Amino acid sequence: DAKWASDIIASNYGEIRVDHFSDYLLAGSQGDEGAYETLFKGHQYPDIARATALNHYSNRVLSDEKLKDLLLFLKDSSALVRNEAINSFTNSGSKDFSSDIEPLLRDSIRLVRLSAARYYITTKTMSLDAIPFASSQKEYLESLEVIADFAGGQHQIALYHQAKGNVDL
């Protein structure tokens, strides 16, 4: 039973538990947004855990103040965290951060460039002729072609055309 398992863990590893990212994910999933913040701000935790915390944190409506706090993560050393930061702004629908996201159209990591392109496609805040956007948009369209055989890929293509106003497509 649970008591037996708890006792075994305590006897083998002690009563005091070391700091672990899973504790913050669990607390965050139970409504403690501060736990998510602690996790995605903590560079001592694995990048994937930090990105997951940022994803869950921003899967709700964020105030402009909270979005401004996330600007820092657009420059994070982890591509996974940068990607989730962009997704936070994309999900918010806010056009106020387009100048902050523009440098990420030229990021060294493809995932980040594609997310930045998706931000501009969704928010319609950059001209199609703008050089950094044109290049990233081309790369984004190529990525959609690669996943076109899958239902999720077709869904992403439909969202792209919807954002562009091409609802017939």
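Please refer to the structure placed before this passage.
Residues numbered from 1 in each chain as written. Predicted model: local features only at pLDDT ≥ 70, side-chain atom pairs only at ≥ 80, totals over all residues. Heavy atoms only, no water.

Help me out: how do you make sense of the overall build of the protein in this one?
Assigned secondary structure in the protein consists of 10 helices and zero strands. Secondary structure elements of the protein, listed N to C terminal, follow the sequence α-α-α-α-α-α-α-α-α-α. Its C-alpha atoms give the protein a radius of gyration of 19 Å, clearly above 15 Å, the size a compact globule of 169 residues would have. Each of the three principal axes of the protein carries a C-alpha extent, and together these read 65 × 35 × 30 Å. Looking at the protein as a whole, 38% of its 169 residues are labelled buried. For the protein, the computed accessible surface area is about 10100 Å², with 55% contributed by carbon and sulfur atoms. Computing the positive centroid from 17 side-chain charges and the negative centroid from 24, the protein places the two 5 Å apart. (Helix = DSSP H or I, 4+ residues; strand = E, 2+ residues; numbered from the N terminus. Rg over C-alpha atoms; globule rule 2.2 N^0.38 Å. Buried < 20%, exposed > 50% of the residue type's maximum accessible area, 1.4 Å probe, protein only. Areas by Shrake-Rupley, 256 points an atom, 1.4 Å probe, with all protein chains shown as cover. Lys, Arg positive; Asp, Glu negative; His and termini not counted. Charge placed at Lys NZ, Arg CZ, Asp CG, Glu CD.)

What is the right way to read the pattern of salt bridges from this model?
Proximity of charged atoms lets side chains of opposite charge pair with each other. Under the criterion given, the structure shown has 10 salt bridges. Between glutamate 33 and arginine 60 there is a salt bridge, and its shortest N-O distance comes to 3.2 Å. With glutamate 33 in helix 3 (residues 33-41) and arginine 60 in the loop between helix 4 (47-57) and helix 5 (64-69), this pair connects stretches of sequence that are 27 residues apart. Judged by its relative accessible area of 29%, glutamate 33 is partly exposed. A salt bridge links lysine 66 to glutamate 33; the shortest N-O distance between them is 2.9 Å. Here the residue lysine 66 occupies a position in helix 5, and glutamate 33 occupies one in helix 3, the gap between them amounting to 33 residues. (Salt bridge = Lys/Arg side-chain N within 4 Å of Asp/Glu carboxyl O.)

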